[in-house]
Amino acid sequence: MSEPEALPPSQPAAAVAVAACSLCQKPIAAGAGTSINGNLVCGSCAAQVQAELAAEQQTGARFPLALAGGAAGALVGAVIWAVIVVATDYEIGYVAVLVGYLAGRGVKLGAGKGRGQPLQIAAAGMAVFGLVIAKYFILAHVVISDPRGAELGLGYFSPTLFSLFLQNIGSSLSPFDLLWIAFALMTAWRIPAPSKIEVGR
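Residues numbered from 1 in each chain as written. Predicted model: local features only at pLDDT ≥ 70, side-chain atom pairs only at ≥ 80, totals over all residues. Heavy atoms only, no water.

Undergrad: Looking at this model, I keep getting lost on the overall build of the chain. Mind explaining?
TA: Within the chain, the regular secondary structure consists of seven helices and four strands. Listing the helices and strands of the chain from first to last along the sequence gives β-β-β-β-α-α-α-α-α-α-α. Residue pairs in contact within the chain that sit at least 24 positions apart in sequence constitute 64% of those at least 6 positions apart. Roughly 12500 Å² of accessible area belongs to the chain as shown, and the carbon and sulfur atoms make up 65% of that amount. (Helix = DSSP H or I, 4+ residues; strand = E, 2+ residues; numbered from the N terminus. Contact = heavy atoms within 4.5 Å. Areas by Shrake-Rupley, 256 points an atom, 1.4 Å probe, with all protein chains shown as cover.)

Structure (C-alpha cells):
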C-alpha cells in the first residue's frame, strides 16, 4: 500500500496591516486615513479637524464682538499699566506686553472659534489703542503731579492736556519704549493667528 502524499502546510491568511489614529486611537486599515501635520488620522477625526478649520474662517458675524473684546482687554491693560506708574512713580516698559496680550485675548474671546488675519489686524489695532490710552494717562499724571501743572488747574480730561499729549507723543517714546511696544504688537498678533494644520492624503 502506498503512503498517502503529505499535504503542504496550510498558509496563514494574509494579515491586514492596520495603524492607529493619532487622535482617537481607533484602528485604520492599510491605505485608508488622512495625514494631519504628518500624523495619520481616521476619517471621522479628519472630518472634525476640517470642520474646525472651516469654522476658523467664519469671522464676519462675530467681528464686532471681537473688536469689543479687544477694546475691553486693551483698556484693562492700559489701566493696569497706568496704575502701576502712579503707584510706583516708575514707568515699567514691559507692562506694555500685557496690554498687547489682553487685547489679543479679548479679540480671540469675542471671535469665538474664528481665527485669521482680519482678527490679527484687529488685535494689533486694539493693542495700539490701549498703548496710546496708557501713555496718555501716564503723561497726564506726570503733568498734573508737577507743581506747574497744578497751577494751571489741568485735569486728566483737559483739552489742553490732550493737545499737549499729541504734540509730545513722539518725543516721549524712548528706544526701549519702542522695543516693548513692538513686543506688545507681536503678542497681540499671534494670539488670534490661524491654526497651522496641513491636511494631506
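We are not done yet, so read on.
Undergrad: How should unusual backbone geometry be read in this particular structure?
TA: Backbone geometry follows two general trends: most residues other than glycine have a negative phi, and most peptide bonds adopt the trans configuration. Phi at Q25 is positive, roughly 70°, even though this residue is not glycine. Given the relative accessible area of 55%, Q25 is considered exposed. In the Ramachandran plot, N37 falls in the positive-phi region, its phi being about 50° despite a non-glycine side chain. Residue placement: N37 occurs in the loop between β3 (34–36) and β4 (39–41). The class of N37 is partly exposed, set by a relative accessible area of 40%. (Buried < 20%, exposed > 50% of the residue type's maximum accessible area, 1.4 Å probe, protein only.)

Undergrad: I'm lost on the packing of aromatic side chains in this one. Help?
TA: For any pair of aromatic rings, geometry is given as the distance between the ring centres together with the angle between the planes. One pass over the structure, following the stated rule, counts five aromatic pairs. Consider the rings of Y136 and F165, whose centres lie 5.3 Å apart with planes at 85°: the pair is edge-to-face. Separated by 29 residues along the polypeptide, Y136 in helix α4 (residues 117–145) and F165 in helix α6 (residues 159–168) bring together distant segments of the chain. Taking 5.6 Å as the distance between ring centres and 55° as the angle between the ring planes, the aromatic pair formed by W180 and F183 counts as tilted. (Phe/Tyr/Trp six-rings, centres within 6.5 Å; stacked < 30°, edge-to-face > 60°.)

Undergrad: Where do I start with the confidence of the model for the chain in this structure?
TA: Predicted coordinates in areas of low pLDDT are best not read in detail. With 89% of its residues at a pLDDT of at least 70, the chain reaches an overall mean of 83. When pLDDT is averaged over each helix and strand of the chain, the minimum, 67, is found for helix α5 (residues 147–151) and the maximum, 94, for helix α3 (residues 95–111). (pLDDT = per-residue confidence, 0-100.)

Undergrad: Help me understand the packing of α3 against α4 in this model?
TA: The relative placement of two packed helices is expressed as an angle between their axes plus a distance between the axes. Between α3 and α4, the least distance of the axes is 8 Å, while the angle of their chain directions is 140°. Relative to α4, the element α3 is oriented oblique. Crossing hand, α3 versus α4: right-handed. Side by side, α3 and α4 meet where A96, V99, G100, A103, G104, V107 and A111 of the first sit next to L119, A122, A123, M126, A127, G130 and L131 of the second. Counted by class, the contact of α3 with α4 contains eleven nonpolar, three polar and no charged residues. (Axes fitted to C-alpha atoms, helices over the stretch in contact; angles between N-to-C directions. Parallel < 35°, antiparallel > 145°, perpendicular 65-115°, else oblique. Left-handed = near helix turned anticlockwise from the far one by under 90°. Nonpolar A, V, L, I, M, F, W, Y, C, P; charged D, E, K, R; others polar.)

Undergrad: Help me understand the environment of C24, please; the structure alone is not making it clear to me.
TA: For C24, the position within the fold is in the loop between β1 (18–20) and β2 (27–29). Between the C-alpha atoms of C24 and V41, which are 17 residues apart in sequence, the distance is 8.0 Å. Not counting the four nearest positions on each side in its chain, C24 is found in contact with C42 and C45.

Undergrad: Sorry if this is basic, but what is going on with a nonpolar patch on the surface here?
TA: Residues F176, L179, F183 and M186 make up a contiguous nonpolar surface patch of about 390 Å² in total accessible area. Within the secondary structure, F176 is located in helix α7 (residues 175–190). The class of F176 is exposed, set by a relative accessible area of 61%. (Patch = residues over 30% accessible without salt bridge, like charges linked within 9 Å, V, L, I, M, F, W, Y side chains within 5 Å. Salt bridge = Lys/Arg side-chain N within 4 Å of Asp/Glu carboxyl O.)

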